[in-house]
Amino acid sequence: MCRNRRHQHKKVKNTAVAMFQTAGAKLAYEVEGPDSGPLFVQMHGLTSSAWREHRAGLDVTGQLDGFRVLRFDSRGHGSSTGRAVPEDYLWSQLAEDLLELLDAIAPGEQVHTGGPSMGAATQICAALKDPQRFASLSLLVPLLWQPLFQLAPWLGGYVPSNLLITLSIVLLVVYLFMPLATRVFATWLSPRSEEELS
(Lines give C-alpha, C1' and ligand atoms only; values in the text may rest on other atoms or scores of the structure.)
Protein backbone atom coordinates (compact mmCIF):
# COMPACT_ATOMS: atom_id res chain seq x y z
CA MET A 1 0.00 0.00 0.00
CA CYS A 2 1.41 3.36 -1.03
CA ARG A 3 0.79 6.23 1.34
CA ASN A 4 1.43 9.85 0.44
CA ARG A 5 3.49 11.64 3.11
CA ARG A 6 3.79 15.23 1.92
CA HIS A 7 3.00 17.86 4.51
CA GLN A 8 3.73 21.53 5.15
CA HIS A 9 3.31 23.90 8.10
CA LYS A 10 1.40 27.17 8.30
CA LYS A 11 0.20 29.46 11.11
CA VAL A 12 -3.53 29.71 11.83
CA LYS A 13 -4.94 31.74 14.76
CA ASN A 14 -1.55 31.83 16.55
CA THR A 15 -1.44 28.02 16.64
CA ALA A 16 1.02 26.00 14.59
CA VAL A 17 -1.22 24.04 12.24
CA ALA A 18 0.28 21.74 9.65
CA MET A 19 -1.34 20.49 6.46
CA PHE A 20 -0.97 16.89 5.36
CA GLN A 21 -1.66 16.01 1.72
CA THR A 22 -3.57 12.78 1.16
CA ALA A 23 -5.56 11.51 -1.83
CA GLY A 24 -8.17 14.17 -2.56
CA ALA A 25 -7.71 16.28 0.58
CA LYS A 26 -5.36 18.33 2.74
CA LEU A 27 -5.78 17.48 6.40
CA ALA A 28 -5.20 20.23 8.98
CA TYR A 29 -3.55 18.97 12.16
CA GLU A 30 -1.63 20.05 15.25
CA VAL A 31 0.48 18.19 17.79
CA GLU A 32 0.72 19.45 21.38
CA GLY A 33 2.59 18.23 24.42
CA PRO A 34 6.09 16.99 25.20
CA ASP A 35 8.53 16.00 22.47
CA SER A 36 8.46 12.40 23.65
CA GLY A 37 5.89 10.19 25.27
CA PRO A 38 2.96 8.20 23.92
CA LEU A 39 0.74 9.76 21.26
CA PHE A 40 -2.99 10.22 21.81
CA VAL A 41 -5.07 11.03 18.73
CA GLN A 42 -8.22 13.02 19.48
CA MET A 43 -10.88 12.39 16.83
CA HIS A 44 -14.02 14.46 16.24
CA GLY A 45 -17.60 13.76 15.23
CA LEU A 46 -19.49 14.44 12.03
CA THR A 47 -19.88 18.16 11.17
CA SER A 48 -17.48 19.12 13.97
CA SER A 49 -13.74 19.85 13.96
CA ALA A 50 -10.71 19.37 16.19
CA TRP A 51 -10.66 23.10 17.01
CA ARG A 52 -14.36 23.20 17.91
CA GLU A 53 -14.32 20.14 20.16
CA HIS A 54 -11.09 21.12 21.93
CA ARG A 55 -12.14 24.72 22.57
CA ALA A 56 -15.58 23.61 23.78
CA GLY A 57 -14.02 21.11 26.21
CA LEU A 58 -15.52 18.12 24.40
CA ASP A 59 -12.29 16.23 23.83
CA VAL A 60 -10.82 13.84 26.39
CA THR A 61 -7.26 15.18 26.46
CA GLY A 62 -7.55 17.62 29.37
CA GLN A 63 -6.25 15.19 32.01
CA LEU A 64 -3.59 13.44 29.92
CA ASP A 65 -0.17 14.01 31.49
CA GLY A 66 2.97 13.08 29.57
CA PHE A 67 1.14 12.43 26.31
CA ARG A 68 1.61 14.11 22.98
CA VAL A 69 -1.80 14.97 21.56
CA LEU A 70 -2.59 14.92 17.84
CA ARG A 71 -5.77 16.71 16.79
CA PHE A 72 -6.80 16.85 13.17
CA ASP A 73 -9.77 17.79 11.05
CA SER A 74 -11.12 14.93 8.96
CA ARG A 75 -11.46 15.60 5.25
CA GLY A 76 -14.18 18.12 4.50
CA HIS A 77 -14.32 19.33 8.13
CA GLY A 78 -12.86 22.39 9.84
CA SER A 79 -9.69 23.61 8.13
CA SER A 80 -9.23 20.44 6.06
CA THR A 81 -10.18 20.33 2.42
CA GLY A 82 -12.16 17.70 0.59
CA ARG A 83 -13.77 16.90 -2.73
CA ALA A 84 -17.45 16.48 -3.56
CA VAL A 85 -16.91 12.75 -4.11
CA PRO A 86 -19.13 10.55 -1.92
CA GLU A 87 -16.58 7.69 -1.82
CA ASP A 88 -14.06 10.06 -0.19
CA TYR A 89 -16.18 10.05 2.97
CA LEU A 90 -16.61 6.31 3.49
CA TRP A 91 -15.33 5.02 6.84
CA SER A 92 -12.65 3.06 5.01
CA GLN A 93 -11.27 6.26 3.41
CA LEU A 94 -11.38 8.20 6.69
CA ALA A 95 -9.49 5.31 8.29
CA GLU A 96 -6.90 5.39 5.49
CA ASP A 97 -6.48 9.15 6.06
CA LEU A 98 -5.80 8.48 9.76
CA LEU A 99 -3.28 5.74 9.00
CA GLU A 100 -1.44 7.90 6.46
CA LEU A 101 -1.30 10.81 8.91
CA LEU A 102 0.06 8.49 11.60
CA ASP A 103 2.75 7.25 9.20
CA ALA A 104 3.88 10.86 8.78
CA ILE A 105 3.58 12.00 12.43
CA ALA A 106 4.47 8.86 14.38
CA PRO A 107 6.01 6.27 12.05
CA GLY A 108 5.94 2.79 13.55
CA GLU A 109 4.48 3.94 16.91
CA GLN A 110 1.51 2.36 18.61
CA VAL A 111 -0.96 5.13 19.41
CA HIS A 112 -3.97 5.70 21.63
CA THR A 113 -7.10 7.18 20.04
CA GLY A 114 -10.38 8.57 21.29
CA GLY A 115 -13.38 10.35 19.92
CA PRO A 116 -17.12 10.35 19.32
CA SER A 117 -19.43 9.22 16.55
CA MET A 118 -17.65 9.52 13.19
CA GLY A 119 -14.33 9.58 15.05
CA ALA A 120 -15.23 6.31 16.80
CA ALA A 121 -16.17 4.68 13.50
CA THR A 122 -12.91 5.90 11.93
CA GLN A 123 -10.95 4.34 14.82
CA ILE A 124 -12.71 1.00 14.38
CA CYS A 125 -12.04 0.87 10.64
CA ALA A 126 -8.40 1.93 11.05
CA ALA A 127 -7.84 -0.69 13.76
CA LEU A 128 -9.38 -3.35 11.53
CA LYS A 129 -6.97 -2.36 8.75
CA ASP A 130 -3.87 -2.15 10.95
CA PRO A 131 -4.49 -3.56 14.46
CA GLN A 132 -0.82 -3.41 15.52
CA ARG A 133 -0.89 0.40 15.14
CA PHE A 134 -3.20 0.96 18.10
CA ALA A 135 -2.47 0.60 21.82
CA SER A 136 -6.05 1.56 22.74
CA LEU A 137 -9.30 2.85 21.27
CA SER A 138 -11.70 5.05 23.27
CA LEU A 139 -15.03 4.86 21.47
CA LEU A 140 -17.38 7.62 22.59
CA VAL A 141 -20.93 7.39 21.21
CA PRO A 142 -19.82 4.79 18.65
CA LEU A 143 -21.77 4.06 15.48
CA LEU A 144 -20.66 0.46 15.63
CA TRP A 145 -23.02 -1.01 13.09
CA GLN A 146 -22.06 1.36 10.27
CA PRO A 147 -18.35 0.51 9.90
CA LEU A 148 -18.90 -3.16 10.65
CA PHE A 149 -21.60 -3.50 8.01
CA GLN A 150 -19.66 -1.39 5.55
CA LEU A 151 -16.71 -3.75 5.85
CA ALA A 152 -18.85 -6.88 5.57
CA PRO A 153 -18.20 -8.39 2.13
CA TRP A 154 -21.68 -9.92 1.98
CA LEU A 155 -23.17 -6.41 1.93
CA GLY A 156 -20.75 -5.18 -0.73
CA GLY A 157 -19.85 -2.07 1.25
CA TYR A 158 -23.41 -0.72 1.21
CA VAL A 159 -25.86 -0.55 4.09
CA PRO A 160 -29.47 0.32 3.21
CA SER A 161 -30.71 3.20 5.38
CA ASN A 162 -33.80 1.23 6.42
CA LEU A 163 -31.49 -1.48 7.82
CA LEU A 164 -29.63 1.14 9.89
CA ILE A 165 -32.91 2.56 11.18
CA THR A 166 -34.11 -0.93 12.09
CA LEU A 167 -30.82 -1.72 13.86
CA SER A 168 -31.00 1.58 15.74
CA ILE A 169 -34.49 0.75 16.98
CA VAL A 170 -33.46 -2.79 17.96
CA LEU A 171 -30.40 -1.49 19.86
CA LEU A 172 -32.53 1.12 21.63
CA VAL A 173 -35.11 -1.49 22.65
CA VAL A 174 -32.37 -3.84 23.86
CA TYR A 175 -30.77 -1.02 25.82
CA LEU A 176 -34.06 0.07 27.41
CA PHE A 177 -35.21 -3.43 28.31
CA MET A 178 -31.86 -4.91 29.32
CA PRO A 179 -32.45 -4.47 33.10
CA LEU A 180 -35.83 -6.22 32.84
CA ALA A 181 -34.43 -8.99 30.63
CA THR A 182 -31.55 -9.51 33.06
CA ARG A 183 -33.97 -9.96 35.97
CA VAL A 184 -36.17 -12.33 33.97
CA PHE A 185 -33.25 -14.48 32.84
CA ALA A 186 -31.69 -14.46 36.32
CA THR A 187 -34.99 -15.65 37.78
CA TRP A 188 -35.45 -18.25 35.06
CA LEU A 189 -31.89 -19.59 35.37
CA SER A 190 -31.67 -19.55 39.16
CA PRO A 191 -31.78 -22.95 40.89
CA ARG A 192 -35.22 -23.98 42.10
CA SER A 193 -36.20 -26.18 44.97
CA GLU A 194 -38.30 -29.29 44.43
CA GLU A 195 -41.27 -27.50 46.04
CA GLU A 196 -41.15 -24.74 43.43
CA LEU A 197 -40.97 -27.26 40.59
CA SER A 198 -44.07 -29.23 41.71
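This text gives an overview of the structure that appears in the document. (Residues numbered from 1 in each chain as written. Predicted model: local features only at pLDDT ≥ 70, side-chain atom pairs only at ≥ 80, totals over all residues. Heavy atoms only, no water.)

Overview of the pattern of salt bridges
Under the counting rule described, the total for this entry stands at nine salt bridges. Between K129 and E96 there is a salt bridge, with its nearest N and O atoms 3.3 Å apart. Of this pair, K129 sits in helix α3 (residues 118–129) while E96 sits in helix α2 (residues 91–105), and the two are 33 residues apart along the sequence. A relative accessible area of 42% means that K129 is categorised as partly exposed. Salt bridges sharing partners connect three or more residues here, namely E30, E32, R55 and R71. (Salt bridge = Lys/Arg side-chain N within 4 Å of Asp/Glu carboxyl O. Helix = DSSP H or I, 4+ residues; strand = E, 2+ residues; numbered from the N terminus. Buried < 20%, exposed > 50% of the residue type's maximum accessible area, 1.4 Å probe, protein only.)

Focus on unusual backbone geometry
Note: most residues except glycine have negative phi, and most peptide bonds are trans. One non-glycine residue, T47, lies in the positive phi region at around 70°. Position of T47 relative to the elements: it lies in the loop between β4 (39–42) and α1 (50–55). Given a relative accessible area of 64%, T47 falls into the exposed group. Although it is not a glycine, S117 adopts a positive phi angle of roughly 50°. Along the chain, S117 turns up in strand β6 (residues 111–117).

Description of the pairing of β4
Side-chain alternation along β4 places L39 and V41 on one buried face and F40 and Q42 on a second face that is also buried. One ladder, built from four bridges, connects β4 with strand β5 (residues 68–72); its direction is parallel. Across the sheet, L39 pairs through a bridge with R68, a residue of β5. Each parallel crossover has a hand, and for β4 linked through α1 to β5 it is right-handed. Judged from the three bridges that link them, β4 and β6 form a sheet pairing that is parallel. From the neighbouring strand, V41 faces β6, where its bridge partner is T113. (Pairing = 2+ DSSP bridges. Right-handed = clockwise from strand over helix to strand, strands pointing away.)

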